[in-house]
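This is what each chain is made of:
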Amino acid sequence: MQPFLEIKDICLSYRSLAGETEVLSHISFSVSPSEFVAIVGPSGCGKSTLLNLISGLLQPDRGEILIHGQPISEHSANVGYMLQKDQLLEWRTIYQNTILGLEIRHQLTPSKIEKTKQLLTQYGLSAFRNARPSQLSGGMRQRAALIRTLVLEPDLLLLDEPFSALDYQTRLQVGDDIGQILRKESKPAILVTHDIAEAISMADKVLILTKRPSSVQKIVPIHLDISDRTPLSSRNAPNFKYYFNLIWKELNQNGTPVQ
């Protein structure tokens, strides 16, 4: 099966009057259709920069980013990007926030509106469609932000620490909600996180990056001994601790712990 996404020998440096800083060095990996990939690494190693490259917001100095074998610049694939903050607009209702992307793209058709209403109902926000963002909990706001992304029907989802601003209990619940949502949607996704347990519980494989200039240190396929896997139930798998210790040791072997 051809990979959905291929990252081939990507290099990137930032340049300023003070000089050149190499951020990413010869990074290569692939993402299969419907595969969930988590990326972990030391703080400042370029994880978010890598997502910006995949989204097309940045261009690499070297290497290729391919979707279905074609350069991303030539492919019509729709990439959804969910950031650390929900970026909901307080002066718009929750419903109005979820359709913002459709308005910007001039895609506010009856079928898209119906899809939005279905997602609001499916993910427990229908009763809050006329509320303002400040009236919702952090977890509900993140679900609204995800709906705003999903109604655009992206082919690939990029998640840049979308749960980092939440308290621990809410983070677990929202991570479980969104993880199940993404699996139901059967879309490939890439999650950047500093949380090893979160990466293991949600991903099909974990990509470990080195400190800057970042390269791929190890790719760890995740095979948990559990049926009907969800992010929450994954944490109870007998071999969950094995993967946690493995990734922890990889991240700390060069003396730079993950943060």
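That block above? That's the structure.
Residues numbered from 1 in each chain as written. Predicted model: local features only at pLDDT ≥ 70, side-chain atom pairs only at ≥ 80, totals over all residues. Heavy atoms only, no water.

Describing the overall build of the protein
Put simply, the rule is: A run of H or I in DSSP counts as a helix once it spans at least four residues, and a run of E counts as a strand once it spans at least two, with each numbered from the N terminus. Contacts are residue-level and defined by heavy atoms, with any inter-residue pair within 4.5 Å sufficient. Computed with the Shrake-Rupley method and a 1.4 Å probe, the accessible areas treat only the protein chains shown as cover for residues. The convention is simple: Lys and Arg are positive, Asp and Glu are negative, and His and the chain ends are not counted. Just so you know, the charge point we use is NZ for Lys, CZ for Arg, CG for Asp and CD for Glu.
Check the secondary structure of the protein and you find nine helices and ten strands. Dimensions of the protein, computed from C-alpha atoms along their principal axes, come out at roughly 50 × 45 × 40 Å. Sequence-distant contacts in the protein: of pairs separated by 6 or more residues, those separated by 24 or more amount to 71%. Within the structure as shown, the protein displays about 12,200 Å² of accessible surface, and the carbon and sulfur contribution to it stands at 49%. Between the mean site of the 27 positive side-chain charges and the mean site of the 26 negative ones, the protein shows a separation of 3 Å.

Brief notes about the pattern of salt bridges
In a structure, side chains of opposite charge can pair up when their charged atoms sit close to one another. Counted only if it meets this: Salt bridges are counted wherever a side-chain nitrogen of Lys or Arg sits within 4 Å of a carboxyl oxygen of Asp or Glu. When a residue's accessible area, from a 1.4 Å probe over protein chains only, is under 20% of the maximum for its type it is buried; when over 50% it is exposed; and in between it is partly exposed.
Applying the stated criterion to the full structure yields eight salt bridges. Between Glu20 and Arg15 there is a salt bridge; the shortest N-O distance is 3.0 Å. Under the relative-accessibility criterion, Arg15 is labelled exposed at 54%. One network of salt bridges, in which partners are shared, links Arg15, Glu20 and Asp61.

A closer look at the pairing of strand 7 (residues 156–160)
On any regular strand, side chains alternate: one points to one face of the sheet, the next to the other face. Which entries qualify depends on this criterion: At least two DSSP bridges between two strands are needed for those strands to be called paired. The crossover handedness rule: strands pointing away from the viewer, path from first strand over the helix to second strand clockwise, crossover right-handed.
For strand 7, the buried fraction is high: five of the five residues fall into the buried class. Here strand 7 shows no split at all, with Leu156, Leu158 and Asp160 on one side and Leu157 and Leu159 on the other all buried. Where strand 6 (residues 79–82) lies against strand 7, four bridges are found, and the strand directions are parallel. When the bridges of strand 7 are listed, Val79 appears paired with Leu156. Two elements, strand 7 and strand 8 (residues 189–192), share four bridges in a ladder whose sense is parallel. Counted as the bridge partner of Asp160 is Val192 from strand 8. Handedness of the strand 7-helix 6 (residues 168–185)-strand 8 crossover: right-handed.

A few points about the packing of helix 5 (residues 138–150) against helix 6
Rules: Geometry is summarised by axes, namely lines fitted to C-alpha atoms with helices restricted to the contacting stretch, and by angles between N-to-C directions that run from 0 to 180 degrees. Each angle gets one of four labels, with under 35 degrees taken as roughly parallel, over 145 as roughly antiparallel, 65 to 115 as roughly perpendicular, and the rest as oblique. Helix crossings fall into two classes, left-handed where the near helix is turned counterclockwise from the far one by less than a right angle and right-handed where it is turned clockwise. Side-chain classes follow a simple rule in which Ala, Val, Leu, Ile, Met, Phe, Trp, Tyr, Cys and Pro form the nonpolar group, Asp, Glu, Lys and Arg form the charged group, and the remainder, Gly included, forms the polar group.
Taken N-terminus to C-terminus, the directions of helix 5 and helix 6 make an angle of 20°; their axes are 10 Å apart at the nearest point. On the basis of the axis angle, helix 5 is roughly parallel to helix 6. Between helix 5 and helix 6 lies a crossing of right-handed hand. Listed contacts from helix 6 to Gly139, Gln142, Arg143, Leu146 and Leu150 of helix 5 are Thr170, Val174, Asp177, Ile178, Ile181, Leu182 and Glu185. Residue composition of the contact of helix 5 with helix 6, grouped by class: six nonpolar, three polar and three charged.

With respect to helix 6
Here is the rule: Between the first and last residue of a helix there are one fewer steps than residues, each counted as 1.5 Å, and that sum is the expected span.
Compared with an ideal rise of 1.5 Å per residue, which puts 18 residues at 26 Å, helix 6 spans 25 Å between its outermost C-alpha atoms and is within 8% of the ideal. Residues of helix 6 that are buried include every one of Arg171, Val174, Gly175, Asp176, Asp177, Ile178, Gly179, Ile181 and Leu182, and no others. Just downstream of helix 6, Ser186 is the residue with a positive phi angle, here 55°.

Some words on the sheet that holds strand 8
The pairing of strands in a sheet happens through backbone hydrogen bonds and is either parallel or antiparallel. Taken in spatial order, the six strands line up as 6-7-8-3-9-10 in an open sheet, and their pairing is mixed. Of all the strands in the sheet, the pair left with one neighbour each is strand 6 and strand 10 (216–221). In this sheet, neighbouring strand axes are inclined to one another by 15° on average, regardless of whether the strands run parallel or antiparallel. Where strand 9 (residues 205–209) lies against strand 10, five bridges are found, and the strand directions are antiparallel.

So, the pairing of strand 9
Counting buried positions over the five residues of strand 9 gives five, a clear majority of the element. When strand 3 (residues 36–40) meets strand 9, the two strands line up parallel, connected through four bridges. Of the residues in strand 9, the one forming a bridge with Ile39 is Leu207.

The values are spatial; any link to function lies outside them.
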